[in-house]
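Each chain, written out:
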Amino acid sequence: MPLLAVLARYLCDENVVIVAAALTGRDRGIVLNDVYAAQDRSESIDVDRVVRRLEAAGFREWLSKEE
């Protein structure tokens, strides 16, 4: 859920669903519900921890290429 919340900040819902469904093999409709739930609860889940791990893997550089 924290990863979905972070990705939803930078990607449209449909793109988050495509990525998450491909990674997990789960049905896209179920993943879409998870994305919505993650967005609703993003303040209460450990988003900062996920952001730090993504940044260690080059997340900020990837974001700068997207702009």
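Criteria and cut-off values
Residues numbered from 1 in each chain as written. Predicted model: local features only at pLDDT ≥ 70, side-chain atom pairs only at ≥ 80, totals over all residues. Heavy atoms only, no water. Helix = DSSP H or I, 4+ residues; strand = E, 2+ residues; numbered from the N terminus. Buried < 20%, exposed > 50% of the residue type's maximum accessible area, 1.4 Å probe, protein only. Contact = heavy atoms within 4.5 Å. Expected span 1.5 Å × (residues − 1). Arc of directions from axis to C-beta. Phe/Tyr/Trp six-rings, centres within 6.5 Å; stacked < 30°, edge-to-face > 60°. Axes fitted to C-alpha atoms, helices over the stretch in contact; angles between N-to-C directions. Parallel < 35°, antiparallel > 145°, perpendicular 65-115°, else oblique. Left-handed = near helix turned anticlockwise from the far one by under 90°. Nonpolar A, V, L, I, M, F, W, Y, C, P; charged D, E, K, R; others polar.

Asker: It is not clear to me how the side chain of Asp 34 should be interpreted in this structure. Could you clarify?
Answerer: Structurally, the position occupied by Asp 34 is in helix H3 (residues 28-40). Judged by relative accessible area, Asp 34 falls into the buried class, the value being 17%. Setting aside its immediate chain neighbours within four residues, Asp 34 contacts Met 1, Leu 4 and Arg 26.

Asker: What should I look at first to understand helix H2 (residues 13-24) in this one?
Answerer: For an α-helix, the turn length of 3.6 residues means that residues three or four places apart are oriented alike. Taking 1.5 Å as the rise per residue, H2 with 12 residues should run 16 Å; its terminal C-alpha atoms sit 16 Å apart, in good agreement. Residues of H2 that are buried: Val 16, Val 17, Ala 20 and Ala 21. Down the axis of H2, the smallest arc covering the buried residues is 120°, so these residues share one side. Across from the buried face of H2, at angles greater than 90 degrees, the exposed residues are Ala 22 and Leu 23. In this structure, the buried side of H2 is in contact with helix H1 (2-10) and H3. One or two steps after H2, the chain reaches Gly 25, where phi turns positive at roughly 75°.

Asker: What is the right way to look at the packing of aromatic side chains in this model?
Answerer: Given two aromatic rings, their pairing is described by the distance between the two centres and the angle made by the two planes. Evaluation of the coordinates by the stated rule reveals two aromatic pairs. Where Tyr 10 meets Phe 59, the ring centres are 5.3 Å apart and the plane angle is 80°; that geometry is what we call edge-to-face. With a gap of 49 residues between them, Tyr 10 in helix H1 and Phe 59 in helix H5 (residues 59-66) connect regions that are remote in the sequence. Centroid distance Phe 59 to Trp 62: 5.9 Å. Interplanar angle 20°. Geometry classified as stacked. Of this pair, Phe 59 and Trp 62 both sit in helix H5, separated by three residues, roughly a single helical turn. Put simply, the rings of Tyr 10, Phe 59 and Trp 62 touch in pairs and so form one group of aromatic residues.

Asker: I would appreciate a short explanation of the packing of H2 against H3 in the present structure.
Answerer: Packing of H2 against H3 leaves a shortest axis separation of 9 Å and a crossing angle of 120°. As the angle between them shows, H2 and H3 are arranged oblique. Crossing geometry of H2 relative to H3 is assigned as right-handed. Across the interface between the two elements, Asp 13, Glu 14, Val 16, Val 17, Ile 18, Ala 20, Ala 21 and Thr 24 from H2 touch Arg 28, Val 31, Leu 32, Val 35, Tyr 36 and Gln 39 from H3. The residue inventory of the contact of H2 with H3, partitioned by class, reads nine nonpolar, two polar and three charged.

Keep in mind these numbers describe shape, not what the thing actually does.
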